[in-house]
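Fold and contact review
What follows is the residue order along each chain.
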Amino acid sequence: MNRKFTTILALCALLILPILVSGCSSEGNLDMNKKIVRISHGQPDGHPDDIAMKEFAKYINENLGDSFEVQVYGNGLLGDSKNALELTQTGAIDYVVCSTSNLEAYSKQYGMFSVPYLFSSKEAYHKFMDGETVKNMYQSTDATGFRAVAWFDAGVRSFYSNKPIEKPEDMRGMKIRVQPSPLNVAMIQALGAGAVPMGFGEVYTALQQGTIDGAENNELALTTVKHGEVAKYYSYDMHQMQPDMLVANIKFLESLTEEQRRVFDEATELAHDVEMEAWAKQTEEAKNIAENEMGVTFVEADVAAFQKACESIQRNYLKNNPDVQIYFDEIKKYNDEFSSVNQ
Ligand code: GCU
């Protein structure tokens, strides 16, 4: 309730503030020529997404501070990813960091990242994401009013619960939270469990109260949003590598002069680099903290069994979305080249 109330207040503030203080600088001076650029993300302070967007803000405020003031709203303050994406679509805010699972509702192409075991290794995943082909996907939402401008690492997703999950049969009858997307629901069903789509911010309480029996995410979720307090087994089945995307309102991007766009592009690249570095560092730390300070046990799961149970998802997805074949062809190339590890 508190969270919803805060969100409503924040949204009211967003709608009223521009009318009252259009262009009011952080020093409180009224500056009608200054555009306030609002960015939303759903992670707590100090998470790699948060660090990256604060660097982005700093870069713009330092280099284009006469014309822009960038403000970062984390913690889902402007709503969960789904709602914040809608605000970015309408232009109520300018940027959002969200999972590809949220983008699936606007472009089926993004559903590809929810296909389990799409990548054979972290190396294959990074090569594909750093390449040019994936940029076609960025443009696939242009008609809806927004476009991805960068990708952020969000690690490898695995299941966690209060019991160890080593094989798909262990999940039978369990209620597992997923990000709201049809492909994530299909994955849980293929594994014989019940899917409960819900926003990220609700997962801790749902685990604590037993509304759900488990969830799935990267290791950082155990520590940054403290899921390790309410789920004591993290099972390395490693079913997805799903990036977070930095998404911008198209009209905002188009409103920039060539010079301003260049600086925003530099800030975007900087944010990507900063996020990737913070991600690598924090994942290692998170495993340590979860194991040694929170009492989470890390379990090796039978990855091949999970992979087999999910095979039909890729087949069906490809059959229904022939336009993604171009991405699959490229991923296959990287999967063959970097096949050895899955983590
Ligand atoms: C990760 C990801 C978020 C996503 C969340 C979720 O934390 O980085 O973008 O919202 O998972 O499971 O909802």
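Here, the structure is the one placed above.
Residues numbered from 1 in each chain as written. Predicted model: local features only at pLDDT ≥ 70, side-chain atom pairs only at ≥ 80, totals over all residues. Heavy atoms only, no water.

1. Some points on the overall build of the protein
Within the protein, the regular secondary structure consists of 14 helices and 11 strands. Over its C-alpha atoms the protein spans a radius of gyration of 20 Å, differing by no more than 12% from the 20 Å that the globule rule assigns to 343 residues. Taking the principal axes of the C-alpha coordinates as reference, the protein spans close to 60 × 45 × 35 Å. Within the protein, buried positions represent 53% of all 343 residues. (Helix = DSSP H or I, 4+ residues; strand = E, 2+ residues; numbered from the N terminus. Rg over C-alpha atoms; globule rule 2.2 N^0.38 Å. Buried < 20%, exposed > 50% of the residue type's maximum accessible area, 1.4 Å probe, protein only.)

2. Points about empty space enclosed by the protein
The full count for this structure, using the stated rule, is one cavity of 30 Å³ or more. Taken as a whole, the largest cavity spans an internal volume of roughly 30 Å³. Together, Val115, Pro116, Tyr117, Leu118, Phe119, Met238, His239, Gln240 and Met241 line the largest cavity. Tallied by class, the residues present in the lining of the largest cavity amount to seven nonpolar, two polar and no charged. (1 Å grid on protein atoms, 1.4 Å probe; cavity = no way out; pocket = protein on both sides within 12 Å on 5 of 7 lines; lining within 4 Å. Points joined across faces, edges and corners; volume = space filled by probe spheres on them. Nonpolar A, V, L, I, M, F, W, Y, C, P; charged D, E, K, R; others polar.)

3. Digging into the site of the ligand
In the region of the ligand, the neighbouring residues are Gln43, Ser81, Ser99, Ala154, Arg157, Arg177, Gln179, Phe200, Asn217, Asn218 and Asp244. Taking a 2 Å distance to the grid points as the criterion, the majority of the atoms of the ligand fall inside the largest pocket. Grouping the amino acids of the shell around the ligand by side-chain chemistry returns two nonpolar, six polar and three charged. (Near = heavy atom within 4 Å. Sits in = over half its atoms within 2 Å of the grid points.)

4. Overview of unusual backbone geometry
The residue Lys226 is not glycine, and still its phi comes out positive at about 65°. Locating Lys226 in the fold gives a position in the loop between helix H9 (220-223) and strand S9 (233-240). Notably, Met238 is not glycine yet its phi reads approximately 50°, a positive angle.

5. Some remarks on the sheet that holds strand S3 (residues 95-99)
Hydrogen bonds between backbone atoms are what pair the strands of a sheet, whose relative direction is either parallel or antiparallel. Strand order in this open sheet of five strands is S2-S1-S3-S10-S4, and the pairing throughout is mixed. Lying at the two open borders of the sheet, with one neighbouring strand each, are strand S2 (68-73) and strand S4 (146-152). Put simply, the sheet's adjacent strands are angled 25° from each other on average, direction ignored. The pairing of strand S1 (residues 35-40) with S2 spans six bridges and is classified as parallel. If you follow Lys35 over to S2, its bridge partner there is Phe68. Where helix H11 (residues 258-292) meets the sheet, it contacts S1, S2, S3, S4 and strand S10 (244-249), and its direction lies at approximately 40° from that of S4. (Pairing = 2+ DSSP bridges. Axes fitted to C-alpha atoms, helices over the stretch in contact; angles between N-to-C directions. Contact = heavy atoms within 4.5 Å.)

6. So, helix H3 (residues 81-90)
The α-helix advances 3.6 residues per turn, and as a result positions three or four apart in sequence lie on the same side. Among the residues making up H3, those that are buried are Ala84, Leu85, Leu87 and Thr88. With its buried residues spanning 155° around the axis, H3 presents them on a single face. At the C-terminal side of H3, Gly91 shows a positive phi close to 90°. (Arc of directions from axis to C-beta.)

7. As for the side chain of Thr223
By the secondary structure assignment, Thr223 is in helix H9. Look past the residues within four positions of Thr223 in its chain and what remains in contact with it is Ala286, Ile289, Ala290 and Met294.

8. Describing the packing of helix H5 (residues 122-130) against helix H14 (residues 325-337)
Here H5 crosses H14 at 140°, and the two axes come no closer than 9 Å. In terms of orientation, H5 lies oblique with respect to H14. Our pair here, H5 against H14, has a crossing hand that is right-handed. Seen from H5, the contacting residues are Ala124, Lys127 and Phe128; seen from H14, they are Tyr327, Glu330, Ile331, Tyr334 and Asn335. Here the residues of the contact of H5 with H14 sort into five nonpolar, one polar and two charged. (Parallel < 35°, antiparallel > 145°, perpendicular 65-115°, else oblique. Left-handed = near helix turned anticlockwise from the far one by under 90°.)

9. Here we look at the nonpolar core
Met112, Phe113, Phe128, Met171, Met245 and Val247 are the most contacted members of the largest nonpolar core, which totals 67 residues. Once you skip the residues sitting within four places of it in the chain, Phe128 turns out to touch Met112, Phe113, Phe119, Val134, Tyr327, Glu330, Ile331 and Tyr334. Counting residues in hydrophobic clusters, the runner-up holds 24 residues, among them Leu64, Val70, Phe252 and Ala267. (Core = buried A, V, L, I, M, F, W, Y, C linked by side-chain atoms within 4.5 Å.)

10. Some thoughts on the environment of Gly74
As for its position among the elements, Gly74 is in the loop between S2 and H3. Along the sequence, Gly74 and Met53 sit 21 residues apart, while their C-alpha atoms lie 9.4 Å from each other. Setting aside residues no more than four positions away along its own chain, Gly74 makes contact with His41 and Gln43.

11. Details of the layout of surface pockets
In this structure, the largest pocket encloses a volume near 1,000 Å³. Where the lining of the largest pocket is concerned, the elements lending two or more residues are helix H1 (2-21), H3, S3, helix H8 (203-209), H9 and H11. When grouped by side-chain class, the residues that make up the lining of the largest pocket number 14 nonpolar, 20 polar and 11 charged. As a volume, the second largest pocket reaches approximately 430 Å³. As for the second largest pocket, its lining consists of 18 residues, and the residues nearest its centre are Lys135, Tyr138, Val149, Ala150 and Thr268. At the level of secondary structure, the elements contributing two or more residues to the lining of the second largest pocket comprise H5, helix H6 (135-138), S4 and H11. A total of six residues in the lining of the second largest pocket trace back to one element, the largest contributor, which is H11.

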